[in-house]
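Chains, contacts and geometry: an overview
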Amino acid sequence: MPDAADVARLALANVTREYPNFPAHLVTSADEDTRPSALHPAFYGAYDWHSSVHMHWLLVRLLKELPDPAQVAEVTAVLDRHLTPDHLATEAAYLQGRPSFERPYGWAWLIALAAECRTHGGPDGERWADALAPAVTTVDRLLLDWLRKATYPVRHGNHPNSAFSLGLVLDAGERAGLPAATLDAVRERLRSWFGDDHDAPAHWEPSGQDFLSPALTEADAMRRVLAGPEFEPWLDRFLPALRAGTPCPLLEVPVVSDHADPQIGHLLGLALSKAAALRAVAAALPDGPVRTRLTRAADAHLAAGLPAVERGDFTTDHWLATFAVLALDA
């Protein structure tokens, strides 16, 4: 794993690089200005919108770990250029006009970014968080509207996965300024979706382009909403192989046959996101064989995923470092 200074250089290169770009934008007129920087003046880089948002999160997250004042100044200057009230008003308006854009993955990362700015504190962090506030308010409205009509969760291992994003919202929402009622609605929806789940089909994982584990993201979300005594029996019902000591494919490190393939390469992120979830779920359990088993699996996944963080190939460099930090922080 590169050190904080290397990761910050990687993130800076990404958030300031407009092309190549993969915009998720519906073009409705030949007169539209579809340049990424016109559509998204704050989050135009890092290949796609959600990656740009979470690479900005990564920069804020790393600021206090950077030993070189010159690099701190460089990162701060880029964040000051991007996270302005005008730029973020444009981003908020874009989200409001397209209620399903980046739902829920990009929404969750925007909430995480705002929370990280508040955590950073000082005049810089507060300035960025204040600029983000209208976008946070927009996401709050969109999130509540979606939760009211989301009868079923999305369970697959890519960006629309419901459990991963709502777990991130619970972690960051209060610090970002989401109302308590919104966070209560998130908890209630997670309980209604997943509370009665049992015997997860872990043998179906992974799919060929997962960067999230459907089963582990669900378990990680539920450990956030179930009180300590409730979570352990829920997990026993959901993944009975863990308590039985029988083979469980979720604990196996994914095989990545082609790191440069943009879809197969998702499996590098799967190793890191699984490491984060395994660590977090293990920490929610009492000492014992299940916790030990999960912790060992997390260590194996982390060891497999970290070397891929900086490869000089934008297909992974534009996003993977964020998941490495999530795994290390878990």
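Right, let's walk through the structure included here. (Residues numbered from 1 in each chain as written. Predicted model: local features only at pLDDT ≥ 70, side-chain atom pairs only at ≥ 80, totals over all residues. Heavy atoms only, no water.)

1. Structural notes on the overall build of the protein chain
Along the protein chain, the regular secondary structure elements total 16 helices and zero strands. The C-alpha atoms of the protein chain give 19 Å as radius of gyration, which agrees with the globular expectation for 330 residues (20 Å, within 12%). Principal axes of the C-alpha set define a box for the protein chain whose edges measure 60 × 45 × 40 Å. Expressed as a percentage of the 330 residues in the protein chain, the buried residues total 54%. Charge centroids of the protein chain, computed over 28 positive and 43 negative side chains, lie 4 Å from each other. (Helix = DSSP H or I, 4+ residues; strand = E, 2+ residues; numbered from the N terminus. Rg over C-alpha atoms; globule rule 2.2 N^0.38 Å. Buried < 20%, exposed > 50% of the residue type's maximum accessible area, 1.4 Å probe, protein only. Lys, Arg positive; Asp, Glu negative; His and termini not counted. Charge placed at Lys NZ, Arg CZ, Asp CG, Glu CD.)

2. Structural notes on the environment of arginine 103
Secondary-structure assignment places arginine 103 in the loop between helix H5 (85-97) and helix H6 (105-120). Considered as a pair, arginine 103 and proline 160 are 57 residues apart in the sequence and their alpha carbons are 6.6 Å apart. Not counting the four nearest positions on each side in its chain, arginine 103 is found in contact with Trp146, Lys149 and Pro160. (Contact = heavy atoms within 4.5 Å.)

3. Some thoughts on the pattern of salt bridges
What the rule picks out here adds up to 19 salt bridges. A salt bridge links aspartate 329 to arginine 61, with the shortest nitrogen-to-oxygen separation between them at 2.6 Å. Here aspartate 329, found in helix H16 (residues 320-329), pairs with arginine 61, found in helix H3 (residues 49-62); they are 268 residues apart in sequence, far enough to count as distant. Aspartate 329 sits in the partly exposed class, given a relative accessible area of 41%. A relative accessible area of 19% means that arginine 61 is categorised as buried. (Salt bridge = Lys/Arg side-chain N within 4 Å of Asp/Glu carboxyl O.)

4. Thoughts on the side chain of asparagine 158
Structurally, asparagine 158 is set in the loop between helix H7 (122-149) and helix H8 (162-176). At a separation of 3.5 Å, a polar atom in the side chain of asparagine 158 contacts the main-chain carbonyl oxygen of glutamine 209. Not counting the four nearest positions on each side in its chain, asparagine 158 is found in contact with Gln209, Asp210, Phe211, Leu212 and His266. (Polar contact = N/O pair within 3.5 Å; in protein donor to acceptor, adjacent residues only side chain to side chain.)

5. Some thoughts on the side chain of histidine 266
Looking at the secondary structure, you find histidine 266 in helix H13 (residues 266-283). In terms of polar contacts, histidine 266 uses its side chain to reach the side chain of asparagine 158, at 3.3 Å. Among all residues touching histidine 266, those that are not within four sequence positions of it are Asn158, His159, Gln209, Asp210, Phe211 and Trp319.

6. Thoughts on unusual backbone geometry
In this structure, proline 20 follows tyrosine 19 across a cis peptide bond, with omega equal to 0 degrees. Inspection of the secondary structure assignment puts proline 20 in the loop between helix H1 (4-15) and helix H2 (36-39). Here arginine 103 and proline 104 are connected by a cis peptide whose omega angle stands at -5 degrees. At glutamate 102, a residue that is not glycine, the phi angle is positive and equals roughly 60 degrees. Within the secondary structure, glutamate 102 sits in the loop between H5 and H6.

7. A closer look at H1
For H1, with twelve residues, the first-to-last C-alpha span of 16 Å sits near the 16 Å given by 1.5 Å per residue. The buried fraction of H1 amounts to nine of the twelve residues, a majority that puts the element mostly inside the structure. Within H1 the residues assigned to the buried category are Ala4, Ala5, Val7, Ala8, Leu10, Ala11, Leu12, Asn14 and Val15. Where H1 is buried, its residues meet H3, helix H4 (69-82), helix H15 (314-317) and H16. (Expected span 1.5 Å × (residues − 1).)

8. A look at the packing of H3 against H4
Working note: a packed helix pair is described by the angle between its axes plus the distance between those axes. For the pair H3 and H4, interaxial distance at closest approach is 10 Å and the crossing angle is 140 degrees. One way to sum up the angle between H3 and H4 is to call them oblique. When the axes of H3 and H4 are compared, the crossing they make is left-handed. Within the contact between the two elements, H3 uses His56, Leu59 and Val60 and H4 uses Val75, Leu79 and His82. Considering only residue class, the contact of H3 with H4 consists of four nonpolar, two polar and no charged. (Axes fitted to C-alpha atoms, helices over the stretch in contact; angles between N-to-C directions. Parallel < 35°, antiparallel > 145°, perpendicular 65-115°, else oblique. Left-handed = near helix turned anticlockwise from the far one by under 90°. Nonpolar A, V, L, I, M, F, W, Y, C, P; charged D, E, K, R; others polar.)

9. Description of the packing of H7 against H8
H8 packs onto H7 with a crossing angle of 135 degrees between their chain directions and a minimal axis gap of 13 Å. Taken together, the axes of H7 and H8 lie oblique to each other. When you trace H7 past H8, the crossing you get is left-handed. Taking contact as the criterion, the partners of Val136, Leu143, Trp146 and Leu147 in H7 are, on H8, Ser162, Leu166, Val169 and Ala176. In terms of residue class, the contact of H7 with H8 is built from seven nonpolar, one polar and no charged.

10. Looking at helix H9 (residues 180-194)
A turn of α-helix holds 3.6 residues, and therefore any two residues three or four places apart point the same way. With 15 residues, H9 extends 21 Å between its outermost C-alpha atoms, agreeing within 8% with the 21 Å of an ideal straight helix rising 1.5 Å per residue. Listed in full, the buried residues belonging to H9 are Thr182, Leu183, Val186, Arg189, Leu190, Trp193 and Phe194. Viewed along the axis of H9, the buried residues span an arc of 120 degrees, placing them on a single side of the element. Opposite the buried face of H9, by more than 90 degrees, sit the exposed residues Ala180 and Ala181. On the buried face of H9, the contacting elements are H7, H8, helix H10 (214-225) and helix H11 (228-238). (Arc of directions from axis to C-beta.)

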